[in-house]
Amino acid sequence: MKREINFTLNGDPVSIEVRPNEKLLDVLRDHLGVKSPKHGCGRGECGACSVLLNGKSIRSCITLAVEVDGQEIVTLEGLEKNGLTDLQKSFLKHNAFQCGFCAPGFTISATELLNNNPHPDENEIREAISGNLCRCTGYKNIVGAILDVAKKK
Amino acid sequence: MKKLKYVGKNAVRIDGLAKITGAAEYTDDIEFGPKLLFVGVLESPYAHALIKNIDTSEAEKVPGVRAVISGKDFPEKFGLYLKDNSIFPIDRVRYVGEQVAAVIATTQEIADNAVKLIKVDYEPLPVLQSPLDAIKPDAVLIHPDLGSYEVVPWLYPQPGTNIAHVRKIRKGNVDKAFKEADFVLEDWYHVPHVVHAPLETHISVSLFTLDGRLTMWNSTQSPHTQRNIIAHSLKIPHKDVRVIASFVGGGFGGKAGINMEVIGAVAAMKVPGHPVKVRWTRKQEFENTSQRQELYAHIKMGVKKDGTITALEHKLYWDVGASAEYGSNVVNATGFSATGPYRIPNVSIDSYAIYTNRPPCGAYRGFGYSEFHFGLESHIDRMAKMLKMDPVEFRKKNAISRKDKVAYGVEMNPTGIQECIDKVAEAIEWGKEDKSPDPNKIRAKGFASAWKAPAMPPNESSAAFIKFSEDGSINILVSGMELGQGFMTAMAKIAAEELSLPLEKIRVELPDTDRNPYEWQTVASHVTWSCGNAVRRAAIDARNQILETVSRAYHIDKSNLYLEDGQVKSYTDSEFKLPFENFVINGIEMPDGTYRGGPIMGKGMFMPEFSSAKVNPETGQGGHPNVHYTTGAGAVEIEIDKETGRIKVLKAAEAFDAGKAINPDLVKDQIVGGFVQGLGTALWEEVKFDKNGRILNPNFTDYKIPTALDVPPVMIPIIVEVPQPDGPFGARGIAEHTMIPVMPAVANAVENALGVRIKSVPLTPEKILNALKEKEEK
Ligand code: FES
Ligand code: FES
C-alpha cells in the first residue's frame, strides 16, 4: 500500500507516494532525481548514501522513506544551492577525491562535523569521517582539506 | 629541452569540480525513462556441480516478468585471452554465486522474487579450493573441454589438467649456481584472495533496438575491449555495438575486461526497445566479479658471501578461480618478471595458472606483482640476515640497472631504483632506532623494493582526436578512462604543453566507442605512457595544421612561427599575434574576401612496435614481452602492541620512478592511495571461504578495508625522475606499483621487531600473538 509523505528536501516542500518498505535512498535517486547520494553497499556500512536529516547525517540506504515524513532532508545539492561552500572549495584545492564516488557522502559527514564543531582537530576529523569509506585516496587529502577549513573559520 | 610550462607543474585536477559538486555522472545516475527493465540473477549455491535441469516456467508466469534467460538461450563463451567463461553455464557450475539464469522484469523486486521460483537440479561434484590440490594428477577436472577453447597464441592451456597456462623462464644454470652458492635458502609464502572493493559496484545498462544496434552504458575501464568481446561473442558487427562509459566509481582492475556486463547485453537482446539494468549488490560484487588470485610461492635463492645473488628458482602456483579468461595473463606477466628488480644470472621460473572452484580472478592493481613480491622481498630480507648484511645495502648491491638483461634476455630500460631506495631509506630514517615510550609496544622498520611492467598484448594501442572550437578551446577525445588516477588532467597537460594552451581551455571527454577513437583498455598503468603519446601526437598534428594555415594566409615561413598562450606568434615579427579563436574554425580572411584554413582537428595514435610475445615456451627467451619496467621502493615503521597483537603503522615512505611526473601532486596522491590499499591487504583483508566454497565475509563489516582511523599519520610520497625515452615527456606509469612494497615491508618490519618470520598475509593480531609466543618459547 502506498502512502503519501511530506518533507522538506533541500529547502523545498516535497510530497510523494511511497511504499512502506521503500528506502529513502531509492526514493531520492529514482523518484526525485536527486543523484548525489550514492549506492555503495545498501547495508549502512560505507557512508556513500549519507544525507542530513534535521542536520544529523544518516544512511539513506537503511532509512525507510516513511520515516522522514514531516522532517527536513538536505543532500549535497542543497548544500551548494548558493554556490560552492568553503568545504567544497577546500576539497577542490586539495584534490581531495580521486574517483569521486565517495565525495557526496564525505561532504555530508564533514558538513555535520563543522556545523557542530567549527574547529575540530585532526583526530576529531578522522573520527567524524571514519564511517565513510574511500578506496582511492588513503584519506590524506580529505582530512587535509577539512582541517584547512577548520583552521580558517 | 624547451622549458615546460604545464607538464611537471601542479594543478587542480580537471575533473575536480565535477566530483565535488556531484555533477560527475556515474552509470547509475543516468535516467532511462519508464521503459527501463531490471534484471535479477539466479546464482549457483554450489561451488561445483552438474546442471541436470533448469525449470523456469513458474518464474515466467509472474506478473511483471518479461523474460527468463539461461544457458540454452545464450550458450556462447567469452574471454579476453582464453575463452573459458560462460555467459550462462550450460552443463555445470564452477563457483558459488555463478549466474545460472536471469529474470528480466519491470522492477528489481519482481525480478528478484521471480528468481526464487526457478528450479534447478544439480548433481554436486568434488570441490577444489586449493591450487595445490587442483594441480594433482587425479584432481577432478573443472574444465574438461579446456582443449577446445579459443586462446591467444602466447598462452599454453594444458588439456586434461586444471592448468590453464604455464609460463616458464630458463636463464643460465640454476643447479650449478646453487651448488656454487655460499648460502641457499628456500621456503613457501602464501597470499590469499582479496577483492577490489570499489565503492561503486559493477553496473551495466543495455539497450537493443530492432535496427540491430546494441548500446551499453557501463562502469568500465575497457569500453573498446568490451565492445570487441561482445561483438565477437554475440556476432554483432562492431559498428553496431556502442559502449558509453560514465565516470567510474573505482576500478583497481576489477572493471577491466568484461564480466557481468555480458548478462546485460544478452538480456537486452531478449527485450528489444527496453533499456535493461543490471546492478550488482555488494554481495554480488564479492562473489561474482573477479578477485585477486591466491598465490602459493616457493622460492629458492642462492647468494655468494660478498652478497651477490647468483640464482633464483621461483615456483608460483596461482589460484585463478573458475575462469582464467583474464587471470591467465596475470600468471603470464608475473612469470616473466618474478626475479623482482634484481640482476640475477641464473633463473628458473614456473608460473602456473590453476583452476579451482572459487570465483574467477583477474586484473587487480599490481597485476600479480604484489603477490609475488610478498614472498620475494621477504626472502631478500632473510638472505640479508644470513649474510649479516644490511637489507637495504643488499638490495642496492643487487638492484638491476640500465643495460643489465632482465630474465627473458632483453636490456633493462633506464631506471632510478638506486635513487628510490636511497630516498626511502632517508625518509624512514633507516638504521635509526626508535623506541616506544610504552614498554608493551615494540617499534621496528621494514623495507621492500618493487618493479612492475605493463602487461599487455604486443599490439595494444591508443588513439586520440583533438577538436578545436570557435573560441580556441579544445575537446580531447580519447577512450582512456578517468578512474580517479588523474588521467584526464595528464592528457590535458600533455596537449596544453604542445599547443601552449591554458588548461581552462581544455576538456577531456569520457569514452564513447561511437565517437572517441580506439584505446585498448585503461589497465596496466600504461595510459599516461601509451595514450599520452597518442595525445601528444594529436596535439603536434593540430599544431602543424595551425602553422600551415597561418603560413599560407600570411606568407610567413612555418619555421618562423610558434604557439604561445593560445596565440600564433612570429620569431621575426614581434607585433604578429594571432589568437586561435580568430581562425581555428572559420579560417583566415584574405584581402579578396576568400578564406584559408578550416576546422583544426588533430589525430594521433601509438602502438609499441618493438614489443613481441613470441618467445620460446620452454625458456621464455626470444621475444620482447614487456615494454619497460617502473621501479621503486617502500618502507614502514610499525609499532606492535604485545598485548593485543595489533600492528600500527606509524610512518610510511614510498618512492617511484615516474620518468617524468606530468602532475606531481597527483602522482603523490597515487602513492598515498596505493599505499593504503596495500596496507589493507597487509593487515586485514582476506576473502574467507567455508568448506563448500561459499564466501563467509561478503560485506564491509566482515571484510574490513582501511578507514580514516587506520592509516598512518605520516605518509611520505617521493617522486624520482629518470626519463623513459619513449614516454610522453619521459613519463611512465606508477599507479599500480604503489601497492607492491607494502605487504613485504610490513612483514619485514615484523621480523625486525619480533625475530619471527611470518610467511602469509594478512598479518593479523592472531598471527602476531602466535609469533610472540613462539619467540618466548625459543
Ligand atoms: S550505501 Fe548506505 S551506507 Fe553504504
Ligand atoms: S575517491 Fe574513490 S572512493 Fe573515494
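Model, not experiment: these values are computed from the prediction.

What counts, and where the lines are drawn
- Residues numbered from 1 in each chain as written.
- Chains lettered and ligands numbered in written order.
- Predicted model: local features only at pLDDT ≥ 70, side-chain atom pairs only at ≥ 80, totals over all residues.
- Heavy atoms only, no water.
- Helix = DSSP H or I, 4+ residues; strand = E, 2+ residues; numbered from the N terminus.
- Rg over C-alpha atoms; globule rule 2.2 N^0.38 Å.
- Buried < 20%, exposed > 50% of the residue type's maximum accessible area, 1.4 Å probe, protein only.
- Areas by Shrake-Rupley, 256 points an atom, 1.4 Å probe, with all protein chains shown as cover.
- Lys, Arg positive; Asp, Glu negative; His and termini not counted.
- Charge placed at Lys NZ, Arg CZ, Asp CG, Glu CD.
- Right-handed = clockwise from strand over helix to strand, strands pointing away.
- Domains from an automatic or database assignment.
- Contact = heavy atoms within 4.5 Å.
- Buried area = accessible area lost by both parts, 1.4 Å probe.
- Salt bridge = Lys/Arg side-chain N within 4 Å of Asp/Glu carboxyl O.
- Polar contact = N/O pair within 3.5 Å; in protein donor to acceptor, adjacent residues only side chain to side chain.
- Nonpolar A, V, L, I, M, F, W, Y, C, P; charged D, E, K, R; others polar.
- Pairing = 2+ DSSP bridges.
- Core = buried A, V, L, I, M, F, W, Y, C linked by side-chain atoms within 4.5 Å.
- Phe/Tyr/Trp six-rings, centres within 6.5 Å; stacked < 30°, edge-to-face > 60°.
- Lys NZ or Arg CZ within 6 Å of the ring centre and 35° of its normal.

Q: Looking at this structure, I do not really get the overall build of chain A. What am I missing?
A: Helices and strands together make up the secondary structure of chain A, namely 6 helices and 5 strands. Reading the helices (α) and strands (β) of chain A from amino to carboxyl end gives β-β-α-β-β-β-α-α-α-α-α. Its C-alpha atoms give chain A a radius of gyration of 15 Å, near enough to 15 Å, the size a compact globule of 153 residues would have. When each of the 153 residues of chain A is scored for burial, the buried share is 57%. With an accessible surface of roughly 6,100 Å², chain A has 48% of that area assigned to carbon and sulfur atoms. Between the averaged position of the 19 positive side-chain charges in chain A and that of its 19 negative side-chain charges there is a distance of 6 Å.

Q: Would you explain the pairing of strand S13 (residues 241-245) of chain B in this entry?
A: Across a regular strand the side chains alternate sides, sitting on one face of the sheet and then on the other. Residues and elements named next belong to chain B. Counted residue by residue, S13 has 5 buried out of 5 residues, so it is predominantly covered. Of the two faces of S13, both are covered, the one formed by Val241, Val243 and Ala245 as well as the one formed by Arg242 and Ile244. For the crossover from strand S12 (residues 213-218) across helix H6 (residues 223-234) to S13, the handedness is right-handed.

Q: How do you make sense of the domain arrangement of chain A when you look at a structure like this?
A: Reports of interface size often rely on the accessible area that becomes lost once the parts have come together. Residues and elements named next belong to chain A. Under the domain assignment, chain A is made up of domain 1 (3-79) and domain 2 (86-152). Centre-to-centre separation of domain 1 and domain 2, based on C-alpha positions: 21 Å. Each partner contributes to the interface: domain 1 provides 19 residues, whereas domain 2 provides 12 residues. Taken together, the two surfaces of domain 1 and domain 2 that pack against each other cover about 1,200 Å², and 63% of this comes from carbon and sulfur. Summed over the three residues of domain 1 that lose the most area to domain 2, namely Lys38, Leu76 and Leu79, the buried surface amounts to 34% of that side. If you look at where domain 1 meets domain 2, you find 0 salt bridges. At the boundary of domain 1 and domain 2, one finds 4 residue pairs in polar contact (both at pLDDT 80 or more). At the level of elements, strand S3 (50-53), strand S4 (56-59) and helix H2 (76-79) are the ones that each hand at least two residues to the side of domain 1 that touches domain 2. In terms of residue class, the side of domain 1 that touches domain 2 is made up of 7 nonpolar, 8 polar and 4 charged.

Q: Looking at this structure, how should I read the domain arrangement of chain B?
A: All names here are of chain B. Partitioning chain B into domains gives domain 1 (16-24 + 461-606), domain 2 (32-125 + 199-250 + 255-287) and domain 3 (294-456 + 613-777). Relative to domain 2, the C-alpha centre of domain 1 lies at a distance of 39 Å. Overall, the association of domain 1 and domain 2 removes approximately 1,700 Å² of surface from exposure, summing both partners, and the carbon and sulfur fraction of that is 55%. If you look at where domain 1 meets domain 2, you find 3 salt bridges. Residue aspartate 512 pairs with arginine 242 through a salt bridge whose shortest N-O separation is 2.6 Å. On the surface where domain 1 and domain 2 come into contact, there are 10 residue pairs in polar contact (both at pLDDT 80 or more). Class assignment of the residues belonging to the side of domain 1 that touches domain 2 gives a composition of 10 nonpolar, 5 polar and 6 charged.

Q: How should I be thinking about the sheet that holds strand S8 (residues 119-124) of chain B in this particular structure?
A: Sheet strands line up and pair through hydrogen bonds in the backbone, either parallel or antiparallel. All names here are of chain B. Judged by pairing direction, the sheet is antiparallel, and its 3 strands sit side by side in the order S6-S2-S8 without closing on themselves. In this open sheet, the two strands that pair with only one neighbour each are strand S6 (92-93) and S8. Bridging between strand S2 (residues 49-55) and S8 involves 6 bridges; their strand directions are antiparallel. Among the inter-strand pairings, alanine 49 is bridged to a residue of S8, identified as proline 124.

Q: Which parts of the structure should I look at to understand the side chain of glutamate 377 of chain B?
A: Residues and elements named next belong to chain B. As for its placement among the helices and strands, glutamate 377 is situated in helix H10 (residues 369-387). Of the polar contacts made by the side chain of glutamate 377, one reaches the backbone nitrogen of serine 449; its length is 2.9 Å. The residues contacting glutamate 377, other than those within four sequence positions of it, are Tyr342, Arg395, Ala448, Ser449, Pro744 and Asn748.

Q: In this structure, what is going on with the nonpolar core? I would like to understand it.
A: Proteins that are soluble and globular tend to have nonpolar side chains buried together. Formed by 248 residues in total, the largest nonpolar core has its most connected members in Phe91 and Ile146 of chain A together with Val568 and Leu754 of chain B. Filtering out sequence-adjacent residues up to four positions away, leucine 754 of chain B remains in contact with Ile442, Ile640, Ile768, Ala771, Leu772 and Lys775 of chain B. Counting residues in each nonpolar core, the second largest holds 17 residues, with Ala59, Val65, Val103 and Ala111 of chain B among its members.

Q: Where do I start with the environment of alanine 105 of chain B in this structure?
A: Residue and element names in this part refer to chain B. Topologically, alanine 105 is positioned in strand S7 (residues 99-105). Exposure remark for alanine 105: the relative accessible area of 0% places this residue in the buried category. Along the chain, alanine 105 and phenylalanine 38 lie 67 residues apart, while their C-alpha atoms are 5.4 Å from each other. With residues near it in sequence (within four places) discarded, alanine 105 still touches Leu37, Phe38, Gly64, Val65, Arg66, Ile110 and Ala111.

Q: Would you take a moment to explain the packing of aromatic side chains for this structure?
A: By convention here, two paired aromatic rings are described through the distance between centres and the angle between planes. Scanning all chains against the criterion turns up 24 aromatic pairs over all chains. Between phenylalanine 468 of chain B and phenylalanine 580 of chain B, the ring centres sit 5.7 Å apart and the planes meet at 85°, which makes this aromatic pair edge-to-face. Here the residue phenylalanine 468 of chain B occupies a position in strand S19 (residues 462-468), and phenylalanine 580 of chain B occupies one in the loop between strand S24 (577-579) and strand S25 (588-589), the gap between them amounting to 112 residues. For phenylalanine 468 of chain B, a relative accessible area of 5% corresponds to the buried category. Exposure remark for phenylalanine 580 of chain B: the relative accessible area of 1% places this residue in the buried category. Taken together, the ring pairs connect Phe91, Phe97, Phe106 and Tyr139 of chain A into an aromatic cluster. Here the guanidinium or amino end of lysine 300 of chain B rests over the ring plane of phenylalanine 178 of chain B, the centre of that ring lying 4.4 Å away. Lying over the aromatic face of tyrosine 369 of chain B, lysine 452 of chain B brings its terminal NZ or CZ to 5.6 Å of the ring centre.

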